[in-house]
Amino acid sequence: MTVSNSVRRLFRVPDDEPNVLVAQARALSRQVPILHTILSLDAMGVAYTHYGVAPDGLTILPLAVLLSVCAGRVLIWSRTHHHAIGTEEALRRLRGTNRLAAILGSGFAIWAILLTRYGDAATNLHVLYFLSITMIACISCLTHLRTATLIVSALAVPVSAYFLVIGAPVVRAAALNYVGVVVVLLFMQSVYYRDFRRLTRLTGENHALAHTDPLTGLPNRRSFFAELEQAIAAADTAETRFAIGLIDLDGFKPVNDTLGHLAGDAVLCEVGRRLQDAVGAAGVVARLGGDEFGLILHGWPDLDTLGRTLCTILKQPYALRDTTARIGASIGFACFPETARTAEMLVERADHTLYHAKTHAPGTAACFAFEHENRMHRQAQVEQALRRADLAAEFHLLFQPIVDVVAGRVQAYEALARWNSPTLGSVSPVDFIVVAERTGLIHDLSLALLRKALAAMASWPEHVALSFNLSAYDLAAAEGIATITALIAESGIAPERIVFEVTETGLMRDLVDAGRSLGALRALGVGIALDDFGTGYSSLGYVHRLPISELKIDRSFVTDICSDAASRNIIHSILDLARNLRLLCVVEGVETEAQMLHLRAAGCRYMQGYLFQKPMPAAAIAAFEAGLALPQPQGEDRIAAAA
């Protein structure tokens, strides 16, 4: 039983390595047609030399059968040569090749032996030559399928024994030579086959490395796009729908910066696991690079519900070795075929939707809508115009005062960028700042505007400061900070009169580099204001880690201050925080006298908003200051303000 099992295993196609099976089938699809062509030519040669010597039923009929079988096999393999082959199909073909090798090999051997009854030593030598050529062709063309070569070679034993028994001396010598050739060929085939399997395994490993993210084990960007192309082809054929999603993590950079890259890697692995668990067999999850992930969602899922579910799942705490990390995620979806019909356009629109979600509502999901098309077109126009723009000529500044309501004077002016494009007309900062940051033009724009702002300061009173907005991209490179420092030195303006405003969400792009750049500016003597305070992810953490000198309370807390106790409590808390940390605090968005009085009652001294002045050109500043008159508290309001 043991010997029988061993023999059975020897002649069975191994099915434990799918990559090898597919590679064997692909190799045979090229070689089997050649093999059958050689066999057909050999068979015709033997039939020709024995025609008229042996009966026609032993020459013509077997030849016709063998030629028909060979022609059929050539046709089958040729038709499927360029088709993709799966593991099951490859295994089926290899097993079929084994069976046919046994049938054809036995048929050729029996035919050859029967023909020797009608010939002399010369014709017997030709038969043996025919068998030798056939064996060489089989072993050579079936090199990649060792089981088939073993089956064919096994037939050499009885054939050689037959010729050694009945043959003339010269035939017996040829039979021994025939056996020797078979042994040598089998040895060479064994070496080639071993190398083939090793190379196939290595190729499979390289393919896996090329298509798999090494950190998370998920498909990588290359694999994602290959899967996307296949999904589009399948959906086109079946006229079905599917969706893709792009996910970008919110707040991941500070995890890397503060907790280290090992903690960041652990978070990314857990994100991948959560996404796979949520999507399951309904789609493909891939890591596209950094903290960006991609989804291919088969069918037509409820994207609104799925988006909310994924955002909620990814917001859950991430347990690390010594601490806990918290991040969020923004998601952009695009659908096939409604949104786009090509992989590039689908990804572009999903990416645009992701950027929209990340900009307007971080931590949420959004689906591409065709109103986004207009925005994309508009942004493309803005980008082209911005690339051609004369920054010094087309851009100008308006200034809005930050007022000290206690002293009754202007504390500073915030510089606000405006653009009058020759082709687009007036372009909102909401549009051109986003494009400038995305295209890398923001630094050149910031420098051009800073030059204008410093020049405008020349006519201001010495006690009045400049508040100037810097993008996170301005803080990303040390050479950019060096250029800003040089501009301040050239202007002759005291650095203490300059405050650079930065947003919390902007700082999150790269907390370490931003902190280093802000530290260099603070060392120069300028002030650093944290803008839109209270609307970010972990404001208190930034206040004590970064060299902040000023907080600007976001206007969203001021809107309902007269009627909403929660807004008043938040402002009270921020003002108390600023006093305890000895930070100057400015409240934005003050539009009514009632808001101002509530803020004064809370202890706020510095305010900014339409109540005092809308943004104005530099030429109007002198007239504004000359006529500045602040609303004064009256009656009970005066008592409250004094308190």
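Going by the structure above, here's the rest.
Residues numbered from 1 in each chain as written. Predicted model: local features only at pLDDT ≥ 70, side-chain atom pairs only at ≥ 80, totals over all residues. Heavy atoms only, no water.

A look at helix H2 (residues 18-50)
Taking 1.5 Å of rise per residue, 33 residues should cover 48 Å, and H2 covers 46 Å from first to last C-alpha, within 8% of that figure. Serine 29 marks where H2 bends most, by close to 35°; the proline proline 33 follows one to four residues later. Just downstream of H2, glycine 52 is the residue with a positive phi angle, here 90°. (Helix = DSSP H or I, 4+ residues; strand = E, 2+ residues; numbered from the N terminus. Expected span 1.5 Å × (residues − 1). Bend = angle between axes of the 7 residues up to and from the residue.)

Quick look at the pattern of salt bridges
If charged atoms from side chains of opposite charge come close, those side chains can pair. Taken as a whole, this structure holds 18 salt bridges when the rule is applied. In this structure, the salt-bridge partner of arginine 92 is glutamate 89, at a minimum N-O distance of 2.6 Å. Taken together, the residues span about one helical turn, with arginine 92 and glutamate 89 both in helix H4 (residues 87-115) at a distance of three residues. For glutamate 89, a relative accessible area of 27% puts it in the partly exposed group. (Salt bridge = Lys/Arg side-chain N within 4 Å of Asp/Glu carboxyl O. Buried < 20%, exposed > 50% of the residue type's maximum accessible area, 1.4 Å probe, protein only.)

What to know about the environment of glutamate 490
Structurally, the position occupied by glutamate 490 is in helix H18 (residues 478-491). Given the relative accessible area of 64%, glutamate 490 is considered exposed. Sequence separation of glutamate 490 and arginine 451 is 39 residues, and the distance between their C-alpha atoms is 9.7 Å.

Focus on the sheet that holds strand S7 (residues 365-367)
Spatially, S2-S3-S1-S6-S7 is the arrangement adopted by the five strands of the open sheet, whose pairing is mixed. Every other strand in the sheet has two partners, leaving strand S2 (283-289) and S7 as the edge strands with one partner each. The sheet shows a mean angle of 20° between the axes of neighbouring strands, taken without regard to direction. Pairing analysis gives nine bridges linking strand S1 (residues 242-250) to strand S6 (residues 328-336), with the strands arranged antiparallel. (Pairing = 2+ DSSP bridges. Axes fitted to C-alpha atoms, helices over the stretch in contact; angles between N-to-C directions.)

Comments concerning the pairing of strand S13 (residues 527-533)
Here S13 lies mainly inside the structure; six of its seven residues are buried. In the sheet, strand S12 (residues 498-503) pairs with S13 via five bridges, with the strands oriented parallel. Pairing of phenylalanine 500 across the sheet is with isoleucine 528, part of S13. With three bridges connecting them, S13 and strand S14 (residues 550-553) associate as parallel partners. The residue bridging leucine 530 from the neighbouring strand is leucine 551, located in S14.

Focus: the nonpolar core
Core analysis: the largest hydrophobic core is formed by 77 residues, its most contacted members being Phe500 and Leu551. No other element matches the nine residues that helix H17 (residues 442-456) contributes to this core. Excluding its chain neighbours within four sequence positions, the residues that come into contact with phenylalanine 500 are Leu450, Phe468, Leu470, Ile484, Ile488, Leu521, Val526, Gly527, Ile528 and Ala529. Leu21, Ile85, Cys138 and Val159 belong to the second-largest nonpolar core, a separate cluster that totals 49 residues. (Core = buried A, V, L, I, M, F, W, Y, C linked by side-chain atoms within 4.5 Å. Contact = heavy atoms within 4.5 Å.)

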